[in-house]
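# Breakdown of the fold
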Amino acid sequence: MTQDELKKAAALAALQDVVEDSIVGVGTGSTVNHFIDGLAGMRDRIRGAISSSEASSQRLAAHGIPLFSLDDIEEIPVYVDGADEIDDGFCMIKGGGGALTREKIVAAVSQRFICICDASKKVATLGRFPLPVEVVPMARAHVARELARLGGSPRLREGFITDNGNLIIDVHGLSIKDPVAMETALNQIVGVVTNGLFARRGADVLLLAAATGVERQVRS
């Protein structure tokens, strides 16, 4: 199976977790695109969706799936999203697509986080994938200096603006032994909107696709 076929398998497996007659939280990225396409087949059995990015919103709308705002609801039963890396404790690095802030907000109000990805995203230690950090533009240089002090090699994501009008600094060369502590430390840097570590609110369920099938793992 190709990597895209594995992504599709994981995404379609998540449809069984969708709660009917509810609003579904939908993430961003190539794996989630397969989930959105699958969700279109059951759009008459859900109320609609809350999306973490403009790109996902456009894809959902194209399938005729109603979109809601977080201001309209208090809680989401299920949020489905991918990961750039995920460890054995279900902590993740996310934000390769630049939607990390909205993804983190939707995850925070969701009862269950279903992570969908192919087996290549499972790692023993987070950090091989550059860690995205969303930054207020005027704080770019200051934040980059602080990130370097933490041991990383910060690089501005050239030509990219988030849906929130901010910049992304990708931090290379990290080996993240304590994801919760690192997430907290990064968020204390003045000018950081948020960072791509999903450790304080990690995944609840991992649907991991490999050539042998989709393995369902539940956080203990």
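So, here is what we can say about the structure in this document. (Residues numbered from 1 in each chain as written. Predicted model: local features only at pLDDT ≥ 70, side-chain atom pairs only at ≥ 80, totals over all residues. Heavy atoms only, no water.)

Another aspect to go through is the overall build of the chain. For the chain, the helix and strand inventory stands at six helices and 13 strands. Compactness check: the chain gives a C-alpha radius of gyration of 17 Å against a globular reference of 17 Å for 220 residues, within 12% of the reference. With respect to the three principal axes, the spread of C-alpha positions in the chain is 50 × 40 × 30 Å. Taking all 220 residues of the chain together, 52% fall into the buried category. Look at the contacts in the chain between residues 6 or more apart in sequence, and 71% of them connect residues 24 or more apart. A total of about 9900 Å² of accessible surface is found on the chain, and carbon and sulfur atoms cover 49% of it. For the chain, the centre of its 23 positive side-chain charges and the centre of its 28 negative side-chain charges are spaced 4 Å apart. (Helix = DSSP H or I, 4+ residues; strand = E, 2+ residues; numbered from the N terminus. Rg over C-alpha atoms; globule rule 2.2 N^0.38 Å. Buried < 20%, exposed > 50% of the residue type's maximum accessible area, 1.4 Å probe, protein only. Contact = heavy atoms within 4.5 Å. Areas by Shrake-Rupley, 256 points an atom, 1.4 Å probe, with all protein chains shown as cover. Lys, Arg positive; Asp, Glu negative; His and termini not counted. Charge placed at Lys NZ, Arg CZ, Asp CG, Glu CD.)

We now examine the sheet that holds strand E6 (residues 110–118). Taken in spatial order, the six strands of this open sheet run E2-E1-E3-E6-E12-E13, and their pairing is mixed. Strands at the two margins of the open sheet, each flanked by one partner only, are strand E2 (48–51) and strand E13 (213–218). Between one strand and the next, the sheet's axes are offset by a mean angle of 20 degrees, whatever the strand orientation. Summarising the sheet, strand E1 (residues 23–26) and E2 pair through four bridges and their orientation is parallel. Along E2, the bridge assignment pairs isoleucine 23 with glycine 48. Running at roughly 160 degrees to E1, helix H2 (residues 30–39) makes contact with E1, strand E3 (76–81) and E6 of the sheet. (Pairing = 2+ DSSP bridges. Axes fitted to C-alpha atoms, helices over the stretch in contact; angles between N-to-C directions.)

Our focus in this paragraph is the pattern of salt bridges. Per the stated rule, a full pass over the model turns up 15 salt bridges. Glutamate 103 is the salt-bridge partner of lysine 94, the closest N and O atoms lying 3.4 Å from each other. Note that aspartate 118 and lysine 121 form a salt bridge whose closest N and O atoms lie 3.9 Å from each other. For the pair aspartate 118 and lysine 121, a shared accessibility class is recorded, and that class is buried. Connected through salt bridges with shared partners, the residues Asp17, Arg112 and Arg216 form a single ionic network. (Salt bridge = Lys/Arg side-chain N within 4 Å of Asp/Glu carboxyl O.)

Enumeration according to the criterion identifies one aromatic pair in this entry. In this structure, lysine 104 is placed above the aromatic ring of phenylalanine 198, and the distance from its NZ or CZ to the ring centre is 5.0 Å. A cation over an aromatic ring shows up here: arginine 157 above the ring of phenylalanine 160, its NZ or CZ 5.3 Å from the ring centre. (Phe/Tyr/Trp six-rings, centres within 6.5 Å; stacked < 30°, edge-to-face > 60°. Lys NZ or Arg CZ within 6 Å of the ring centre and 35° of its normal.)

Another point: the nonpolar core. Nonpolar side chains in soluble globular proteins generally cluster together in the buried interior. One finds Val26, Phe35, Leu39, Ile114 and Ile116 to be the most contacted residues of the largest nonpolar core, which totals 25 residues. Counting residues per element, the ones that place at least two in this core are helix H1 (3–13), E1, H2, E3, E6 and strand E12 (205–210). Setting aside chain neighbours within four positions, we find valine 26 in contact with Val32, Phe35, Ile36, Leu39, Ala49, Ile50, Ser51, Ser52, Leu60, Tyr79 and Val80. Ranked by size, the runner-up nonpolar core spans 20 residues in total, among them Cys91, Ile93, Val171 and Ala199. (Core = buried A, V, L, I, M, F, W, Y, C linked by side-chain atoms within 4.5 Å.)

The next point concerns unusual backbone geometry. In this structure, aspartate 21 is a non-glycine residue whose phi angle is positive, near 65 degrees. Here aspartate 21 is to be found in the loop between H1 and E1. A relative accessible area of 60% places aspartate 21 in the exposed class. Even without glycine at this site, phenylalanine 90 takes up a positive phi of about 70 degrees. Position of phenylalanine 90 among the secondary structure elements: in the loop between strand E4 (85–86) and strand E5 (92–93). The buried category is assigned to phenylalanine 90, whose relative accessible area is 4%.

It is worth spelling out the packing of H2 against helix H3 (residues 54–62) at this point. Packing of H2 against H3 leaves a shortest axis separation of 9 Å and a crossing angle of 25 degrees. On the basis of their axis angle, the class for H2 and H3 is roughly parallel. Both H2 and H3 take part in a crossing whose hand is right-handed. Along its contact with H2, which presents Val32, Asn33, Ile36, Asp37 and Leu39, the element H3 presents Ser56, Arg59 and Leu60. (Parallel < 35°, antiparallel > 145°, perpendicular 65-115°, else oblique. Left-handed = near helix turned anticlockwise from the far one by under 90°.)

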